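Observations on chain architecture
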Amino acid sequence: MSLPKVSVIGAGQVGSMVAEHLAIKELADVYLFDVVDGAAKGKSLDMMEAMPHWKSDSTLEGYTVGPNGENYENLKESKIIVITAGLARKPGMSRDDLLYKNVDIVKSAAENVKKYSPNSIIIVVTNPMDIMTYTAYRIIGPEKYRIMGMGGTLDSGRFRTFVAKELGVSVDDVTAFVVGGHGDDMIPFVRYCSVGGIPLTELLSKEKIDAILARTRNGGGEIVSYLKTGSAYFAPGISITVMIESILKDKKRVVTAPAFLTGDTGKHYGVEGFFVGVPVKIGKNGVEEIYKLSFQPEERKLWDITAAHVKESVEKVNAYLHI
Ligand code: APR
């Protein structure tokens, strides 16, 4: 059986979770890459030995990568490459603390992607994710709509969960999304959140909604505070899988994800030349459409804050990479 090839660079918690979902759903043959000797190989073998029970013929393979790009040639002909390699957040550490450490890691992964599989669609997960997506783009570009980040899908899932639990309704009936940077100033977009078509603002008081927004913004931090030695991986794992499924099956799902903003769309969002989370349609070509949200004045203010925050980090990366 031959399935599309999906490679995952970084076989840690998130990378393994995506690999397992893809294999269980028989969506892809999965190739894992990690610097820790034997980690990718051991985990992929373990997952593959579970496949008879899942009735899946997906194949999994793992490779230890070296400082000089050893084994990265096995990325070749990947339809999609997910980059999760990096350091995870520890308690008390903001996503920005990770910036330079993870720039180095993502840069080296991206250089190998460019060398061995330049036409793949790239999903960047490593935090701070909008900035790591930009870093990967600066190395792999110029094709911009094949590169995207994963953040909004995860944050939107958290928003939907908290709304559903507060109202005691099915998560399936809650439509909600989060835009902006994947950081503390992300914007859970209340005005377009609805429950079975009913606007959220008609169902909950402002106080209750504000509490949900705060919890959504702190969703990643809340989990880090419990885990202490790592960050979330169950919800990130499935969120990445949702995006991959939409690309492989050309489902044209509409999710929020950091997409490259430029030209007309960039002008609309007041962003030029970097990635911020916006509603997008994703299909076989990657980001196939970027939707322009019309902001009300209060929303525009929040947007400008989050976009300015991402831009600040983008400038730090430009200086760091001398570009
Ligand atoms: N090349 C390949 N793999 C690497 C490299 C590298 N240069 N550097 C680190 N790794 C690997 C680590 O060995 C580890 O297995 O990346 C993996 C990261 O996995 P975890 O530490 O388990 O982190 P995880 O929870 O999976 O999160 C990964 O996603 O959500 C974000 O903030 C999170 O940036 C973090 C990333």
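Residues numbered from 1 in each chain as written. Predicted model: local features only at pLDDT ≥ 70, side-chain atom pairs only at ≥ 80, totals over all residues. Heavy atoms only, no water.

1. Here we look at the nonpolar core
- Within the largest apolar cluster, 81 residues are counted, with the highest numbers of intra-cluster contacts made by Ile 9, Ile 123, Ile 244, Tyr 269, Val 280 and Trp 303.
- Ranked by the residues each element gives to this core, the list is headed by helix 5 (residues 129-140), at seven residues.
- Residue contributions to this core reach at least three from each of two domains, namely domain 1 (5-150) and domain 2 (152-316).
- Residues contacting Ile 244, with those up to four places away along its chain left out, are Val 6, Val 18, Leu 22, Ile 80, Val 82 and Ile 123. (Core = buried A, V, L, I, M, F, W, Y, C linked by side-chain atoms within 4.5 Å. Buried < 20%, exposed > 50% of the residue type's maximum accessible area, 1.4 Å probe, protein only. Helix = DSSP H or I, 4+ residues; strand = E, 2+ residues; numbered from the N terminus. Domains from an automatic or database assignment. Contact = heavy atoms within 4.5 Å.)

2. So, the sheet that holds strand 3 (residues 60-64)
- As summarised here, the arrangement of the six strands in space is 3-2-1-4-5-6, forming an open sheet in which the pairing is parallel. In the strand order of this sheet, the two ends are held by strand 3 and strand 6 (147-149), each with one partner. Within the sheet, the average angular offset between the axes of one strand and its neighbour, ignoring direction, is 20 degrees.
- Inspection of the sheet shows strand 1 (residues 5-9) paired to strand 2 (residues 29-34) by five bridges, in the parallel sense. Looking at the pairing, Val 6 lines up with Val 30 of strand 2.
- Packed on one face of the sheet, helix 1 (residues 13-24) meets strand 1, strand 2 and strand 3 and runs near 170 degrees to strand 2. (Pairing = 2+ DSSP bridges. Axes fitted to C-alpha atoms, helices over the stretch in contact; angles between N-to-C directions.)

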